[in-house]
Amino acid sequence: MAKKQTESLTLEDVRPRLVRTAFVPALVAVTDEPDYVDDETVLGADDVTASKVGGAPFLSKEAPAPRCGECKQPLRFVLQLRRSDLPQAAQASLSGELLQLFWCDDCQSSGGAENPWSKGALIREVALGEPIEPGEEDEDDEDDEDALSVTFLRDWREVEDYPSTLVESLAAALAVSPKSEATRERLEALAEAMDEAELETLDGVKLAGWPRWVAEPETVKCKCKTPMQPVLQLGESAVVVGDGGTTWIVACPACGKKAYFCQQ
Ligand SMILES: [Zn+2]
Ligand SMILES: [Zn+2]
């Protein structure tokens, strides 16, 4: 067996093992209320089949408006991604035409957000069948006079993404043990070289890549025990979900199951 101690941990040598491809969208904020138009928000209309945060979700007979699995109230629509909008390389992470995330503000605020399998949120993948007209199922439609506020996710571009430069994160990414003092020192030198080269973990909204941790790094394990990988990051700087913080949708590379987790 090769001696791990002699393995090079210089940035030049390990960079190919650290870099991951991520995809970052242009965020296009749209309102239907002329008074709310500003430098960052344009006048426009909603589109139920688009990739977006907020607005109205695509709903059909097969994929009706969901209710909370805990308290049974209607879930709030957070986001949907349309597979055909995504770059070719990212399309495989979706098994349906639309990936949708719904959220129960009440249940998720009272502890659900820490549980990736909480029934207070719903991740589902649906087909683009015959839509139900918005409002048909919406009991609150009569008093719903809020202006449209939707952010479309468009024009995804490919970027390089790197793990956190915490020693533990680098050790995990490179599959080395950070226990020995010598290895720690080399990982610290690597972290410094990455900082100097400005190789960072991207904040905001992105597909794939590495998680930009808000708190301690963590791993969500699938019910089949496989560590799950990030599919989508909703960074706190770009999108507020629930009580804030950053939310990730993660997928199991073994069985395809999806879950989410949050950090504040
Ligand atoms: Zn609930
Ligand atoms: Zn699994």
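Throughout this description, residue numbers start from 1 for each chain and increase along the sequence as written. The order in which chains are written sets their letters, starting at A; the order in which ligands are written sets their numbers, starting at 1. Side-chain atom pairs in this predicted model are given and counted only at pLDDT of 80 or more, local residue features only at pLDDT of at least 70, and totals for whole chains, interfaces and linings cover all residues. The basis for every side-chain value is the complete set of non-hydrogen atoms in the structure, without hydrogens or water.

1. Comments concerning the coordination of the zinc ion (ligand 2)
Consideration 1: Each metal site lists N, O and S donors within 2.8 Å (3.2 Å for Na, K and Ca). With water left out of the atoms, a site can look as if it is missing ligands. At 2.3 Å from the zinc ion (ligand 2) lie its protein donor atoms, namely C222 (SG), C224 (SG), C252 (SG) and C255 (SG).
Consideration 2: One can describe the donor arrangement at the zinc ion (ligand 2) as tetrahedral, given that its four donor atoms subtend angles of 102 to 126° at the metal. In short, tetrahedral needs four donors with all angles between 85 and 135 degrees, square planar needs four and octahedral six donors with opposite donors over 155 degrees apart and all other angles between 65 and 115, and whatever is left is irregular.

2. Examining the coordination of the zinc ion (ligand 1)
Consideration 1: Within the protein, C68 (SG), C71 (SG), C104 (SG) and C107 (SG) serve as the donor atoms for the zinc ion (ligand 1), at 2.3 to 2.4 Å.
Consideration 2: Expressed as a motif, the donor residue spacing for the zinc ion (ligand 1) is C-x2-C-x32-C-x2-C. Separated by 36 residues along the polypeptide, C71 in the loop between β3 (52-54) and β4 (76-82) and C107 in helix α3 (residues 105-109) bring together distant segments of the chain. Segments assigned H or I by DSSP are reported as helices when at least four residues long, segments assigned E as strands when at least two residues long, and all are numbered from the N terminus.

3. Some points on the nonpolar core
Consideration 1: The biggest cluster of nonpolar side chains holds 27 residues, and the ones touching the most others in it are L79, L81, L207 and L232.
Consideration 2: Looking at this core, the elements that each hand over two or more residues are β4, β5 (98-103), β6 (121-126), β7 (150-161), β8 (205-208), β9 (229-234), β10 (246-251) and β11 (258-263).
Consideration 3: What makes two residues a contact is simply this: any of their non-hydrogen atoms within 4.5 Å. Once you skip the residues sitting within four places of it in the chain, L81 turns out to touch S51, L86, L94, E97, L98, L99, L153, W156, L207 and L232.
Consideration 4: Nonpolar cores are built from buried Ala, Val, Leu, Ile, Met, Phe, Trp, Tyr and Cys residues. Side-chain atoms within 4.5 Å join them into one set. Each residue is placed in one exposure class: buried if its accessible area under a 1.4 Å probe, protein chains only, is under 20% of its type's maximum, exposed if it is over 50%, and partly exposed if it falls in between. Counting residues in hydrophobic clusters, the runner-up holds 15 residues, among them L11, V167, A191 and M194.

4. Some remarks on the pairing of strand β1 (residues 20-31)
Consideration 1: Following DSSP output, two strands are said to pair if at least two bridges run between them. Here β1 runs beside β7; their pairing, made up of 10 bridges, is antiparallel. Within the sheet, the bridge partner assigned to L27 lies in β7 and is L153.
Consideration 2: One ladder, built from two bridges, connects β1 with β8; its direction is antiparallel. When the bridges of β8 are listed, A22 appears paired with A208.
Consideration 3: Where β1 meets strand β2 (residues 41-43), three bridges bridge the pair, whose relative direction is parallel. Its bridge partner being in β2, A29 is matched across the sheet by T41.

5. Concerning helix α1 (residues 11-18)
Consideration 1: Among the residues of α1, L11, V14 and L18 are the ones counted as buried. Buried residues along α1 cover an arc of 85° about the axis, so they all sit on one side. What points out from α1, more than 90 degrees from its buried face, is the exposed set E12 and P16.
Consideration 2: Contact partners of the buried residues in α1: β1, β7, α4 (167-174) and α5 (181-196). The arc in question is formed by the directions pointing from the helix axis toward the C-beta atoms.

6. A few points about the pairing of β4
Consideration 1: Most of β4 sits inside the fold, with five of its seven residues counted as buried.
Consideration 2: In this sheet, β4 lies alongside β3 in antiparallel orientation, the contact comprising two bridges. Bridge assignment links K52 to a residue of β4, and that residue is Q80.
Consideration 3: Sheet analysis places β4 next to β5, joined by six bridges and oriented antiparallel. Bridge pairing in β5 places R82 opposite L98.

7. Digging into the environment of L234
Consideration 1: Assignment of secondary structure puts L234 in strand β9.
Consideration 2: For the pair formed by L234 and K257, sequence separation is 23 residues and the distance between their alpha carbons is 19 Å.
Consideration 3: In contact with L234, other than residues within four places in its own chain, are L79, L101, G204, V205, V239, V241, G245, T246 and T247.

8. Here's the deal with the confidence of the model for the protein chain
Consideration 1: Each residue carries a pLDDT score, the predictor's own confidence in it, on a scale running from 0 to 100. Across the protein chain, the average pLDDT comes to 89, with 92% of residues at or above 70.
Consideration 2: Here α3 is the element of the protein chain with the lowest mean pLDDT, 84, and α1 is the one with the highest, 96.

9. Observations concerning the environment of R212
Consideration 1: One can find R212 in the loop between β8 and β9.
Consideration 2: On the accessibility criterion, R212 (32% relative accessible area) is partly exposed.

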